[in-house]
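Results of the structural survey
Letter by letter, the chains look like this.
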Amino acid sequence: MHRSASRLPRILACAAVPVMLAVAGCSSDSGGTSDANGSSTSPSAKPSPTVAPAKFTGLPDACATVGRKTVDSLVPKAKVKGGTAGKSSDVAARASCSWNGLDDNGVKGSQYRWLDVSLTRYDSDVTLGSGAERATEFYAKEVAGARATEGAKQIKAAPGSGIGDEATTVTYSLTKTDADFSYATVVARTANVVVTVNYNGAGYAGAKSPGISEVSADAVKAAKEAVATVATGSGQAPAAIEPASPKESAAE
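In this report, we go over the structure that sits alongside the text. Quick caveat, the model's predicted, so the values are computed rather than measured.

1. Here's the deal with the pattern of salt bridges
Per the counting criterion, the structure on display carries 4 salt bridges. For R121, the salt bridge is made with D123, and the minimal N-O distance between the two is 2.4 Å. With a closest N to O distance of 2.7 Å, E166 and R189 form a salt bridge. In this pair, E166 sits in strand 7 (residues 166-176) while R189 sits in strand 8 (residues 179-190), placing the two residues 23 residues apart along the sequence. When its relative accessible area of 25% is taken as the criterion, E166 is described as partly exposed. By relative accessible area, R189 is classed as buried at 12%.

2. A word on the state of the cysteines
Inspection of the entire model under this criterion finds 1 disulfide. C63 shares a disulfide with C97; S-S distance 2.1 Å. Around the S-S axis, the bridge from C63 to C97 shows a dihedral of about 95° and counts as right-handed. With a gap of 34 residues between them, C63 in the loop between strand 2 (40-41) and helix 2 (68-74) and C97 in strand 4 (residues 94-104) connect regions that are remote in the sequence. Overall, C63 belongs to the buried group, its relative accessible area being 16%. Judged by its relative accessible area of 1%, C97 falls in the buried class.

3. A few points about the packing of aromatic side chains
In the structure shown here, the tally under the stated rule is 5 aromatic pairs. With centroids separated by 5.0 Å and ring planes inclined at 10°, the aromatic side chains of Y172 and Y183 adopt a geometry described as stacked. Of this pair, Y172 sits in strand 7 while Y183 is found in strand 8, placing the two residues 11 residues apart along the sequence. Look at Y183 and you get buried, because its relative accessible area is 10%. On the basis of an interplanar angle of 80° and a centroid distance of 6.3 Å, the ring pair of F181 and Y204 is categorised as edge-to-face. With F181 in strand 8 and Y204 in strand 9 (residues 193-204), this residue pair connects regions lying 23 residues apart in the sequence. Among the aromatic residues, those joined into a ring-pair cluster are Y112, Y172, F181, Y183 and Y204.

4. Quick look at the sheet that holds strand 4
Through backbone hydrogen bonds, the strands of a sheet pair up, either in parallel or in antiparallel fashion. The strand order across the open sheet formed by 7 strands is 3-4-5-9-8-7-6, and the pairing between neighbours is antiparallel. Every interior strand has two partners, whereas the edge strands, strand 3 (84-85) and strand 6 (153-159), have only one. Looking at chain direction, strand 5 (residues 110-121) and strand 9 are connected through 12 bridges and run antiparallel. Paired with T120 across the bridge in strand 9 is V194.

About the thresholds
Residues numbered from 1 in each chain as written. Predicted model: local features only at pLDDT ≥ 70, side-chain atom pairs only at ≥ 80, totals over all residues. Heavy atoms only, no water. Salt bridge = Lys/Arg side-chain N within 4 Å of Asp/Glu carboxyl O. Helix = DSSP H or I, 4+ residues; strand = E, 2+ residues; numbered from the N terminus. Buried < 20%, exposed > 50% of the residue type's maximum accessible area, 1.4 Å probe, protein only. Disulfide = S-S within 2.5 Å. Phe/Tyr/Trp six-rings, centres within 6.5 Å; stacked < 30°, edge-to-face > 60°. Pairing = 2+ DSSP bridges.

This is the structure:
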């Protein structure tokens with residue numbers, strides 16, 4: 001009886017070994033890894049995606065992007081000196097303003113001019129890219145659109161210098177309302193904002209229409225003023241944009 005009693009602890013210890021191995025095997029399927037000492041480690045979490053913040057968080061008044069002296073010079077006899085604002089559902093993202101006028105010189109003929117300034121701003125988005133990247137894509141589309149103007153003749157495009165981060169001037173001529181119009185479109189990007197300036201003119205009643213080089217120079221002048229106004233008239237974002245945490249989303 002004494003021998004049987006002394007063997008019992010050894011039998012129970014041996015029987016416990018398979019159970020411990022089985023438990024260890026189940027725990028190894030949890031997705032973790034073991035180091036050289038046998039300690040379990042969990043897989044490292046992937047960092048949350050971030051995107052560069054948009055430099056400009058708003059837009060200035062489109063009708064204030066070009067100075068009054070410039071308007072008087074480019075559009076003599078403008079019907080509305082302060083410009084006519086375009087419709088927009090979000091003026092912080094899209095805004096425009098236009099001026100037009102006919103300078104009637106009687107028997108010497110008349111001169112018609114039209115100026116339009118459009119502003120388009122893009123925010124940064126972790127799924128769509130930074131504001132600057134999105135603005136760059138729109139910039140390319142605006143240039144392509146100007147170059148594809150229906151009925152345009154003698155289309156030329158040239159890179160602009162000293163206008164934002166990048167700029168292109170597209171010029172062409174177009175005949176309409178029995179007059180030969182000279183057109184110039186300047187598309188410029190400054191960070192996450194695209195500025196598009198359209199300017200054209202024509203002579204009526206025997207007056208000579210302005211030359212392409214003239215309207216181009218005037219359009220560039222207006223574009224430089226508009227870009228400068230954007231740079232000084234909008235705020236800046238302070239930090240990188242990150243996805244909202246579950247707690248933040250729930251709080252909203």
